[in-house]
Each structure stands twice: as structure tokens, then as C-alpha cells.
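Notes for the structure review
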Amino acid sequence: MTLIIEKCARGVAHLRLNRPEALNALNAALIDALLEAVQRHNSNPEIGCIVLYGTDRAFVAGADIKAMLPKDFADVQAEEMFVFRINDLAKIQKPLIAVVEGYALGGGCELAMACDIILASEKAQFAQPEITLGTIPGLGGTQRLTRAVGKAKAMDLVLSGRRMKAEEAERAGLVSRIVPSEELHAEATKLAETIAGYSHPVVKMAKQAVNLAAETTLSQGLQNEKQLFEASFALEDRREGMTAFAEKRKPVWQQR
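Attention in this report is confined to the structure presented alongside it. These figures come from a predicted structure and were not determined experimentally. (Residues numbered from 1 in each chain as written. Predicted model: local features only at pLDDT ≥ 70, side-chain atom pairs only at ≥ 80, totals over all residues. Heavy atoms only, no water.)

The buried count for strand 3 (residues 49-53) comes to five of five residues, which makes it a mostly enclosed element. Burial along strand 3 is two-sided: the residues Cys49, Val51 and Tyr53 and Ile50 and Leu52 are all buried. Strand direction decides the pairing type here: strand 2 (residues 12-17) and strand 3, joined by five bridges, are parallel. Within the sheet, the bridge partner assigned to histidine 14 lies in strand 3 and is valine 51. For the crossover that starts at strand 2, traverses helix 1 (residues 28-42) and ends in the parallel strand 3, the hand is right-handed. (Buried < 20%, exposed > 50% of the residue type's maximum accessible area, 1.4 Å probe, protein only. Helix = DSSP H or I, 4+ residues; strand = E, 2+ residues; numbered from the N terminus. Pairing = 2+ DSSP bridges. Right-handed = clockwise from strand over helix to strand, strands pointing away.)

Written out as C-alpha cells, the structure reads:
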């Protein structure tokens, strides 16, 4: 079993990548299982946030190089490898939190970047080492990394293949927060439960607005934000949230 659904509680789905013998290296079976599980939970109205774990040694140590080795140009062009499935993951409406311990290299770094929030332990390491294998990042690495850390840092990492430790990754803007290893899973659960405890339609709007900031001009982004803000006033949850604030009580979200 390449993916374990550990638990679904308090509005949070916990998914664990499970190829420990290969340091969770990505292959077609793992990506297919992950995308199927995430899409299923995305359609579940009881779920408000999804948390993705690896192991203490590796989130994902890269793509499965042994599986890629015999392929030629025609093979990878026909198969399109994992790129569109990774992009499908990034389009999920519900927030995804990547919990990174150990290695997030190559496809692992790209998978983490396809999530919305990256929580890392102090032992985490990130890299795009494809240049050392005679190729380039192909699952969004040159694009998402540049948007996350800027052109200069992305060029440094992509052209050298060097590894970036958690502290540098946080300074660069790739990692949301560094959490001590012994507290990492509890903190991820706490964050996910906080997000899942809000109005799901409003969380969806907020995620959409932030994502648009990376894909549009400032003027377009501001217009999109304005439209989403105005649309929130059509929701029962917007009225409930403001009413609860005025009445000094906890809101009871209707999810509509």
C-alpha cells in the first residue's frame, strides 16, 4: 500500500506516503493513489483540510529514477509523466498542508510546493537536484520555486542542485514555519483543525484569492479579490460570523 489514510477526525484527513524502502520516491502508483485520495476527501463535505505526511527520514526523496531510466523522449512525451497529476493536486479546493521531515528533493520539493502550506522540522532539506542527473525539474519546480523564493534563489538551487536546509527555506519563503520534530505532527494537526473549523466556502474563497496573486497582475488580483469578497456576502456563514462577533459568541457555521 503506497498511501495510508491514517485518520479522518475533526474535519481533517491525514494521509501518509508509504514507500519507506524507496524514501517515498514518486512513481505512478503513489501519485495515482495520492490524487485519488485527495480528490475523494475534497468531495467530502465533512472534510475541511488535508494533511500530507512522509516519514521522519523523507517526505519524498524525489522521483523514482530507476523507473525513469529506460524511458526516452517519445515515452515521456506520451506519458506526460506526473506533471499534470501534480498540477491537479494543486487545483484541489480544500487546503493541503505538507508536513516535511527529512528530504524533500526533486519531485518531493515539487509535491510540497503543490500544497498550500509547508510545515517543516529543523531536519528538513529541500532541493531540485535534477541538474545532477542530466535533466531539469519537470513537475513544476522551475515555476513554483521561482514564485516562492524569487529568481535569484531559484537559479541558485536549480543550477547547482544544492540542498537547502529548513532555516534557509523559511528565510527564502518556501517554508511556512519550522516546528521542532517532536511537535511537528501535533502542530500540523492543530493548524489543520483550525482551518477545518472555519466556514468551508469562505476558506475556499480565501485559498482561491491567494493563489490568484501568483498567477495574475496586481490589478487583476485586486479585482478578483473584490469579487470574491463581495460574493462572501451572499453566504449564510458570512452573516453568521459577523452576527456571532457582534453577539460575542462562537459562530455556528452552516457551510453555505
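There's plenty left to go through after this.
Here helix 10 (residues 200-213) is 14 residues long and its end C-alpha atoms lie 20 Å apart, about the 20 Å a rise of 1.5 Å per residue gives. Within the span of helix 10, buried status applies to His200, Pro201, Val203, Met205, Lys207 and Leu212. Looking at the buried positions of helix 10, the neighbouring elements they touch are strand 5 (96-100), helix 9 (181-196), helix 11 (218-232) and helix 12 (236-246). (Expected span 1.5 Å × (residues − 1). Contact = heavy atoms within 4.5 Å.)

With that out of the way, let us pick up the sheet that holds strand 4 (residues 58-60). Where strands meet in a sheet, backbone hydrogen bonds hold them as pairs that are either parallel or antiparallel. In spatial order, the strands read 4-6-8-9; together these four strands make up an open sheet with mixed pairing. In the strand order of this sheet, the two ends are held by strand 4 and strand 9 (164-165), each with one partner. Two strands pair when backbone bridges link them, and strand 4 and strand 6 (residues 103-105) are joined in this way by two bridges, in the parallel orientation. Bridging from a neighbouring strand, alanine 58 pairs with tyrosine 103 of strand 6.

Another point: unusual backbone geometry. Among all residues except glycine, the phi angle is most often negative; among peptide bonds, the trans geometry is most common. With phi around 55 degrees, arginine 10 is a residue other than glycine that occupies positive phi space. Within the secondary structure, arginine 10 is located in the loop between strand 1 (3-9) and strand 2.

Our focus in this paragraph is the side chain of arginine 238. As for its placement among the helices and strands, arginine 238 is situated in helix 12. Excluding its chain neighbours within four sequence positions, the residues that come into contact with arginine 238 are Ser232 and Phe233.

Sheet architecture is open: six strands sit in the order 1-2-3-5-7-10, paired in mixed fashion. The open sheet has two edge strands, strand 1 and strand 10 (177-178), and neither has a second partner.

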